[in-house]
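Close look at the chain arrangement
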Amino acid sequence: MRSIPIFLLFCFLCFKCKKELRKTNDNRGVIAKNAMVVSARAEASQIGIDILQLGGNAFDAMVATELALAVSYPVAGNLGGGGFMVYRSANGNIGSLDYREKAPLAATRDMYLDDSGDVIPGKSTLGVASIGVPGTIAGVFEVHKKFGTLPLESLLKPVIELAKKGVVVTNKQEKRIQHYQQFFKKVNKDSIIFDAQWKAGDTIKHAALAKTLERILKYGRNEFYKGETSKVIVKFIQEHGGIITEEDLASYKAKWRKPITFNYDDLHIISMGPPSSGGICLGQIMTMLEPFPLNDYGYNSLKTIQTITEAERRAYADRSFYLGDPDFVKIPVSILLNRAYLSGRMRNFSFEKATASESLSHGNIQINESTETTHYSIVDQFGNAVAVTTTLNGAYGSKLYSNELGFFFNNEMDDFSSKPGTPNMFGLIGGEANSIAPEKRMLSSMTPTIIEKNNKLFMVVGTPGGSTIITSVLQTILNVHEFNMTMQQAVNAPRFHHQWLPNHILAEPNAFDDLLKTKLENLGYPIEERESKILGKVDGILVLEDDALEGGADYRGDDTAIGF
C-alpha cells in the first residue's frame, strides 16, 4: 500500500521520558514502538504518555490528557464543555461514550427568537444564554469507572501540578488571546486572567483551576454536579442572567452508545453515532466514494475533488434533515448507510458539471456549529486505542469565565437549530430534528474515528473544525488508504470542504493549482479560499507494518505527538 520510500533516523525526544524514538525528515511523524499520544499541546501529550509509562492504559491516559488540555489549551480544552470518545480495546471490543452537553430544563424551542420570530444576533453564541449543561467531568469519571486501572490521584495530580506551575504561551496562543479579548470584556463583569497582555514565552498559572481540580479529586464526580463546585457554577451563571439550575447539573449523565461502523474496501471504520453526525456522514460519504477509482484519478486531481465534493454535498443535505439527539428523534441509520440508497444518491452526479445544491432534497433548513474544538488520539502499549474529540464549541466557548473556578463555559446551545430554516454564522444546515428541547443534546460534527485493517488496529484519527471535521477526517483516511501517504503526510496535506450549502468549495489558501481551480469553477464549483482554522487540526496515529506507531500532529496548531 505504501510505495513512498521512508528513511528513518534515530533521535532523542527532549521531554521527560527521553525514550529513543525513530523520527524522520518530512515523510514521517514521530515513530514509537509501544505507545503514542497526539494532542493539541505538548504538555497534555506528555502527561498522557507519563500515565502510560506508569503502567496505565489508554483510558487512564484519556482522563489525564482531557483534563491537561483544560489547563494547557483553554480555547477548547475544558471542564465547562463536553465531547465524545470512541474506543477499541486490545481484544477488539468497541464502543463509544457521549458526554455531550445538554439543554437546561428551562430551555425552550424559541428561546433565541425575538417577538417577530427572528433569531436574536449573538444570543446563542456569546454570553450566559448560550451555555449548555457541561458533560466533561461526567465523561472522564465514567471512562475511569469502566476501564481505568490507576487511581484517580495518579491521573489528576500531574494535571493539578501543571495548573499550579503554569503553561508557557505560544505564538499562536498569544494571537488567539488577543483576538478574543474584546469578547471577554463584553460578557464578563470582572476582569479575568485572559484580559492581561500575554506574550509568547510568558507563563500563565491557573491557581483557581488547580483548586477546582483538587476538590474534584477529593470528592469525586459529584463535586462538580452536586457539591460545592456545582453551587458555585449555578450561582455564577444565574448572577449573569442564565437559566442553569442545580437540578440541571444533578441530573446530567454521560451515556454509552453504540458506535457507527461500516466498511470501505478492506477497512473497517468505527466512528461516533448521534448526537454526533460524524459517523453517519463519514459512512455515507465513503460508501458513495467506494465505487469510484480515486487512486486512478490521482491525489487532489480534478476528478477526485469533483467526486469527493459531490458525495459530501449529498451527505450534508441528509445531515440537515434527519440527524439530532437519538433520545428525542428517530434516526433512520440503516437507511442512511444503505448502499443501494447511497448509490441512488450519486446517480445524478456527472463529471460534466456540478450538481446544484438547491436541486437536492431538504434544501431549505439550517443549523450551527463552531470551529474551535480539540481532538486527541491515544494508543497504549497493551493495544487499546481511544479517539476523543472535546469542545467548548466556539473559541473559549461563551467567553464567560469564572475567576473562582478557573474555567470558561461552553456556548453549545448555538449547535441547536435556533430557527429551522435560518442560516447560522458557520453556514451548516439543519432542521426540526435538531430543534431545542429541555435535556436534549445538540447535534455535532465531531468525528473521533478508529480504523481496523485485517481485523487489526490500523488508524486512530480526529480533528476540530466544526462542519469541516467530517471532511478533514475523510481526507486524512483517504490520503493514507488511497494515496499511500504516511500519517504525517496525510495530516499535512492541503484540505478542501463542501457542505451542501453554502454552495462552494472551501479550500486552504495557496494550496491548490490555479489551473485546477479554474477548471473546477468552469464546471460550476465556486472556490472560496481564505485563511481559516475550520479546515481542522488533525491528530492521528497509524499502525505501521512492523506494528510500530506513527503519530501525525498537525502543523496548523501547536499539536504534538509523543511516544515511547
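As the structure is a prediction and not an experimental result, all values here were calculated from the model. (Residues numbered from 1 in each chain as written. Predicted model: local features only at pLDDT ≥ 70, side-chain atom pairs only at ≥ 80, totals over all residues. Heavy atoms only, no water.)

Quick look at the UniProt feature "active site" (unreviewed entry) in the protein
Annotation from UniProt places "active site" (unreviewed entry) at Thr-373. Mapped onto the elements of the fold, Thr-373 is located in strand β12 (residues 373-379). Those residues in contact with Thr-373 that lie beyond four places of it in its chain are Tyr-73, Ala-76, Thr-389, Thr-390, Thr-391, Asn-393, Met-446, Pro-464 and Gly-465. A distance of 3.1 Å separates polar atoms of two side chains, one belonging to Thr-373 and the other to Thr-391. (UniProt positions renumbered as here; feature names shortened; annotations may be inferred. Helix = DSSP H or I, 4+ residues; strand = E, 2+ residues; numbered from the N terminus. Contact = heavy atoms within 4.5 Å. Polar contact = N/O pair within 3.5 Å; in protein donor to acceptor, adjacent residues only side chain to side chain.)

Quick look at unusual backbone geometry
Here the amide bond leading from Pro-274 into Pro-275 is cis, since omega sits at 15°, within 30 degrees of zero. As for its position among the elements, Pro-275 is in the loop between β11 (267-271) and α10 (278-289). Of note in this structure, Asp-547 is not a glycine but carries a positive phi near 75°. If you trace the backbone, Asp-547 turns up in the loop between β21 (539-543) and β22 (549-553). We classify Asp-547 as partly exposed; its relative accessible area is 43%. (Buried < 20%, exposed > 50% of the residue type's maximum accessible area, 1.4 Å probe, protein only.)

Notes on empty space enclosed by the protein
Within the structure shown, the criterion is met by five cavities of 30 Å³ or more. In terms of lining, the largest cavity is formed by Ala-70, Pro-74, Gly-77, Asn-78, Leu-79, Phe-194, His-206, Leu-209, Tyr-401, Gly-406, Phe-407 and Phe-408. Split into classes, the residues belonging to the lining of the largest cavity amount to eight nonpolar, four polar and no charged. (1 Å grid on protein atoms, 1.4 Å probe; cavity = no way out; pocket = protein on both sides within 12 Å on 5 of 7 lines; lining within 4 Å. Points joined across faces, edges and corners; volume = space filled by probe spheres on them. Nonpolar A, V, L, I, M, F, W, Y, C, P; charged D, E, K, R; others polar.)

Quick look at the UniProt feature "binding site: L-glutamate" (unreviewed entry) in the protein
Here the UniProt feature "binding site: L-glutamate" (unreviewed entry) sits at Arg-100, Thr-391, Leu-392, Asn-393, Asp-415, Ser-444, Ser-445 and Gly-466. Mapped onto the elements, Asn-393 comes out in the loop between β13 (385-391) and β14 (401-402). Residue Asn-393 is classed as buried on the basis of its relative accessible area of 2%. Within polar-contact distance, the side chain of Asn-393 engages the backbone oxygen of Asn-411 at 3.0 Å.

Examining the sheet that holds strand β20 (residues 527-529)
Reading across from one edge, β18-β19-β20 is the order of the three strands in this open sheet, with mixed pairing throughout. Edge positions in the sheet fall to β18 (496-497) and β20, since each of these pairs with one other strand and no more. (Pairing = 2+ DSSP bridges.)

Considering the sheet that holds strand β5 (residues 82-88)
Whether parallel or antiparallel, the strands of a sheet pair through hydrogen bonds between backbone atoms. Read from one edge of the open sheet, seven strands run β9-β6-β5-β13-β12-β4-β23, paired in antiparallel fashion. With one partner strand each, in any of the chains shown, β9 (255-257) and β23 (560-563) form the two edges of the open sheet. Adjacent strand axes in the sheet meet at a mean angle of 15° when their direction is disregarded. Summarising the sheet, strand β4 (residues 36-39) and β12 pair through three bridges and their orientation is antiparallel. Each residue of the ladder has a partner; that of Met-36, found in β12, is Val-379. On the sheet, helix α1 (residues 42-53) packs against β4, β12 and β23 and is oriented at approximately 160° with respect to β4. (Axes fitted to C-alpha atoms, helices over the stretch in contact; angles between N-to-C directions.)

Re the nonpolar core
Counting 84 residues, the largest nonpolar core has Leu-282, Met-286, Leu-289, Met-459 and Ile-477 as the members making the most contacts within it. Not counting residues within four places of it along the chain, the set of residues in contact with Leu-289 comprises Tyr-264, Leu-294, Thr-307, Ile-308, Ala-311, Leu-474 and Leu-478. Ala-40, Leu-213, Val-234 and Leu-392 belong to the second largest nonpolar core, which has 83 residues in total. (Core = buried A, V, L, I, M, F, W, Y, C linked by side-chain atoms within 4.5 Å.)

Things to note about the packing of α1 against helix α4 (residues 152-165)
Between α1 and α4, the shortest axis-to-axis distance is 10 Å and the interhelical angle comes to 150°. In terms of orientation, α1 and α4 fall into the roughly antiparallel class. At the point where α1 passes α4, the crossing takes the right-handed sense. Of the residues in α4, those in contact with Glu-43, Ile-47 and Ile-51 of α1 are Ser-154, Leu-155, Pro-158, Val-159 and Leu-162. (Parallel < 35°, antiparallel > 145°, perpendicular 65-115°, else oblique. Left-handed = near helix turned anticlockwise from the far one by under 90°.)

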